[in-house]
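Summary of structural features
Residue-level listing of the chains:
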Amino acid sequence: MAAPCVTKVELTVSCDNLLDKDVGSKSDPLCVLLSNASDTQWFEVGRTERVNNCLHPKFAKKFDIDYYFEIVQKLKFAIYDIDNKTIDLSDDDFLGELECTLGSDRTICCFLSESGLHGRRRPRRTPLERKTKKPDWNLLKCILTSYNLSGRMSFGQMSENWSFWASHISSIFSSLFIICAEEVKDNRVVNFEMEARKLDNKDFFGKSDPYLEFYKQTETGWQLAHRTEVIKNNLNPVWKPFKIPLQSLCNGDLEKPVKVECYDYDNDGSHDLIGTFETNVARMQQATRSSPAEFDCVNSKKKQKKKNYKNSGVVCVKFCEISSVVQKLDNVNAQESVSSQPHSVVKMLTIFDSSVINLILQVVKEFTFLDYIMGGCQINFIVGIDFTGSNGDPRSPESLHYISPQGYNEYLTAIWSVGMVIQDYDSDKMFPAFGFGAQIPPTWQVSHEFPLNFNPSNPFLAGIEGIVEAYRICLPQVKLYGPTNFSPIINNVARFASQAAQQKTASQYYVLLIITDGVITDLDQTRGAIVSASRLPMSIIIIGVGGADFSAMEFLDGDNGVLRAPTGETAIRDIVQFVPFRQFLNVSVPFITMTAK
């Protein structure tokens, strides 16, 4: 079984225009993230902090979750107005919730129109309405912004259209729910020791209660990275030492601008801005306890009003150090090299030259799956279905093509299992689907590659539902026959992949799903086709249905050795994954799809 394709993703949550559930004050919102991998039960992943008296919260606490390409990861974001100190949320006011999938390729526009989110002007009955606490239908809509996991909308496109989308959305929905998702590539943290002196006094009775907020610059604006503790009644505060992930602060770029805002905390949520300044991590790293880095805390409104205005206080960085990361790579403990090159893999090569051993350090850039997806690479999903006579008469319950009274068979289940994962990475959700090994009308000649919709000029079908519907319509119109040839459909997909390989950017990748009963006729031709395709941006998933001998399929998989063509040429990489479907009939769909990666 192939190792799962997993990476860490950081989710940042903020809201706008939340409903006010409190009398005499404002809501105290908190966000809870739940996940569902079994389609039956939700479990809590984590919670943000509570933001007191605020209808426009920017939650400082991030959600770090493992992202699996091959699993449909359902997420639910729930917002509560917290009125007590208990962990139980049942006694708090439920404001609303949002359900989505982590790998969804929805762009801003279509994501907002998705059903199942509680923010419609016209409510319709859903299971959520039967909760003991009725949801507020005008609450939440979601925007996936800043870092789009699917890569379907570039950062430039997002920033260019952001003002339009924000104004358009606000005119329709009274509240806004914003999620920023980013792949975590840098595990280093920045350790801070900070203080301030002579801050402006914003309170009539007593002194200011200062705290700091750190913001990372993104293409759509400033994103909250960290919020410090509040120091009560002190114009010369000294904050406790704290840490900020380098990824959250500047994406690992030490020269990237960082904005720091200083506020006077007020219990009613109307925090007063004392001042702000911009810097970067490289500048703050120059600080020492004996020689702190000092920054004027400037209030722009106050500066406009006063001619001799200098600052509203001085913020001092006494200590700023990036923690080293120790990783074990190729049996070598690489500390400083990984610390300075967080996006690279360090490889140690030993060369024997006479009696001298030379150690060479080579830093190699290795791109992750999300690097390609977030860079705009689209996965094109193609389906090939075995319509040969060895499957049995579709009218007989013993046939693998027999559709049960419940409306499914092994072919349909396999299409759903893999298709539901792959479709999240295809922008238009239009999938070509073919059959092979059947006699087709009107000539009743055997075809080794015919479109399920019988339209050779346009074999594309709308979504997984379109493939399923076309399969149901096609099945009674063809005659199952033979032989079982894989090479024609593999070569056809390879032609498209070959064109994509000529492009300078990795913008297209092809995944061919072949569902078969295991009897293959053109084994030598298929071996040659796979070896040739191993140089192209494509992969092949073969799902074996039924209880036949799948030794030929396992041979094509190549897990037990390098696949060779009849000419002796070897595959440069393993592009075939075989899955015997019946081994997973009693396990969850996510596990099936994980194995089929």
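Since we're looking at a predicted model, the values are computed, not measured.

**So, the packing of helix H8 (residues 410-422) against helix H9 (residues 463-474)**
With their axes 10 Å apart at the nearest point, H8 and H9 run at an angle of 165 degrees to one another. Taken together, the axes of H8 and H9 lie roughly antiparallel to each other. You can see that H8 and H9 cross each other, and the crossing is right-handed. In contact with Tyr-411, Leu-412, Ile-415, Trp-416, Gly-419 and Met-420 of H8, H9 contributes Ile-464, Glu-465, Ile-467, Val-468, Tyr-471 and Arg-472. Looking at the contact of H8 with H9 residue by residue, the classes come out as nine nonpolar, one polar and two charged.

**What about the packing of aromatic side chains?**
Following the criterion strictly, the structure yields 13 aromatic pairs and no others. When the ring of Phe-277 is compared with that of Phe-295, the centres are 4.8 Å apart and the planes differ by 5 degrees; the resulting orientation is stacked. Residue Phe-277 is found in strand S14 (residues 272-279), and its partner Phe-295 is found in strand S15 (residues 293-296); the two are separated by 18 residues along the sequence. Between Phe-381 and Phe-431 the ring centres are 5.5 Å apart and the planes differ by 80 degrees, which places this aromatic pair in the edge-to-face class.

**Some thoughts on the sheet that holds strand S11 (residues 221-227)**
Read across the open sheet, the four strands follow the order S11-S10-S13-S14; overall the sheet is antiparallel. The outermost strands of the open sheet, each flanked by one partner alone, are S11 and S14. With strand direction ignored, the average angle separating the axes of adjacent strands in the sheet is 30 degrees. For strand S13 (residues 258-264) and S14, the ladder comprises seven bridges, and the chain directions are antiparallel. Bridge assignment links Tyr-263 to a residue of S14, and that residue is Leu-273.

**Focus: the sheet that holds S15**
Reading across the sheet, the four strands line up as S12-S9-S16-S15 and stay open at both edges, with antiparallel pairing between neighbours. Looking at which strands have only one partner, the edges of the open sheet turn out to be strand S12 (242-245) and S15. The sheet shows a mean angle of 35 degrees between the axes of neighbouring strands, taken without regard to direction. Bridging between S15 and strand S16 (residues 314-322) involves four bridges; their strand directions are antiparallel. Paired with Glu-294 across the two strands is Cys-316, which belongs to S16.

**Examining the environment of Cys-316**
Within the secondary structure layout, Cys-316 lies in strand S16. Here Cys-316 falls in the buried class, since its relative accessible area comes to 2%. Beyond its immediate stretch of four places on either side in the chain, Cys-316 contacts Glu-193, Met-194, Glu-195, Ala-196, Arg-197, Pro-292, Ala-293 and Glu-294.

**A few points about the environment of Ala-548**
Its location among the elements puts Ala-548 in the loop between strand S29 (538-544) and helix H12 (551-557). Take Ala-548: its relative accessible area is 35%, and that puts it in the partly exposed class. Along the primary structure Ala-548 and Pro-580 are separated by 32 residues, whereas in three dimensions their C-alpha atoms are 9.8 Å apart.

**A closer look at unusual backbone geometry**
For the peptide bond that leads from Pro-441 to Pro-442, omega is 5 degrees, which places it in the cis range. With respect to the helices and strands, the residue Pro-442 is situated in the loop between strand S23 (438-440) and strand S24 (445-447). A cis amide bond links Gly-482 to the next residue, Pro-483, at an omega of 0 degrees. Examined against the element boundaries, Pro-483 turns out to sit in the loop between strand S27 (479-480) and helix H10 (487-501). Backbone geometry places Asn-251, a non-glycine residue, at a positive phi of 60 degrees. Mapped onto the elements of the fold, Asn-251 is located in the loop between helix H3 (246-250) and S13.

**Description of the pattern of salt bridges**
Evaluated as defined, the whole model comprises 16 salt bridges. We note a salt bridge from Glu-182 to Lys-216, for which the minimum N-O separation is 2.7 Å. Residue Glu-182 is found in strand S8 (residues 176-183), and its partner Lys-216 is found in strand S10 (residues 210-218); the two are separated by 34 residues along the sequence. As far as burial versus exposure is concerned, Glu-182 and Lys-216 are alike and both buried.

**A short note on the nonpolar core**
Leu-11, Phe-77, Phe-177, Phe-381, Phe-387, Leu-452 and Ile-543 are the most contacted members of the largest nonpolar core, which totals 63 residues. Apart from residues lying up to four places away in sequence, Phe-381 is in contact with Val-418, Gly-419, Ile-422, Asp-426, Phe-431, Pro-432, Ile-464, Val-511 and Leu-513. Counting 32 residues, the second-largest nonpolar core is a separate cluster that includes Ile-489, Ile-542, Met-553 and Leu-556.

**So, the side chain of Thr-228**
Here Thr-228 lies in the loop between S11 and S12. Ignoring anything within four residues of it in the chain, the contact list for Thr-228 reads Tyr-211, Leu-212, Phe-214, Trp-239 and Phe-242.

**Section: the packing of H10 against helix H11 (residues 523-533)**
It is the contact of H10 with H11, at a shortest axis distance of 9 Å, that shows an interaxial angle of 15 degrees. In terms of axis orientation, H10 runs roughly parallel to H11. Our pair here, H10 against H11, has a crossing hand that is left-handed. In contact with Ser-487, Ile-490, Asn-491 and Ala-494 of H10, H11 contributes Gln-525, Thr-526, Ala-529, Ile-530 and Ala-533. Each residue belonging to the contact of H10 with H11 can be placed in one class, and the counts come to five nonpolar, four polar and no charged.

**Description of the side chain of Ser-507**
Locating Ser-507 in the fold gives a position in the loop between H10 and strand S28 (508-516). Ignoring sequence-local partners within four residues, the contact set of Ser-507 consists of Gly-376, Cys-377 and Gln-378.

**A word on H8**
Along its 13 residues, H8 runs 18 Å from first to last C-alpha, staying within 8% of the 18 Å computed at 1.5 Å per residue. Residues of H8 that are buried: Glu-410, Tyr-411, Leu-412, Ala-414, Ile-415, Ser-417, Val-418, Gly-419, Val-421 and Ile-422. The N-terminus of H8 is capped by Asn-409, whose side-chain oxygen sits 3.0 Å from the backbone nitrogen of Tyr-411.

What counts and what doesn't
Residues numbered from 1 in each chain as written. Predicted model: local features only at pLDDT ≥ 70, side-chain atom pairs only at ≥ 80, totals over all residues. Heavy atoms only, no water. Axes fitted to C-alpha atoms, helices over the stretch in contact; angles between N-to-C directions. Helix = DSSP H or I, 4+ residues; strand = E, 2+ residues; numbered from the N terminus. Parallel < 35°, antiparallel > 145°, perpendicular 65-115°, else oblique. Left-handed = near helix turned anticlockwise from the far one by under 90°. Contact = heavy atoms within 4.5 Å. Nonpolar A, V, L, I, M, F, W, Y, C, P; charged D, E, K, R; others polar. Phe/Tyr/Trp six-rings, centres within 6.5 Å; stacked < 30°, edge-to-face > 60°. Pairing = 2+ DSSP bridges. Buried < 20%, exposed > 50% of the residue type's maximum accessible area, 1.4 Å probe, protein only. Salt bridge = Lys/Arg side-chain N within 4 Å of Asp/Glu carboxyl O. Core = buried A, V, L, I, M, F, W, Y, C linked by side-chain atoms within 4.5 Å. Expected span 1.5 Å × (residues − 1). Polar contact = N/O pair within 3.5 Å; in protein donor to acceptor, adjacent residues only side chain to side chain.

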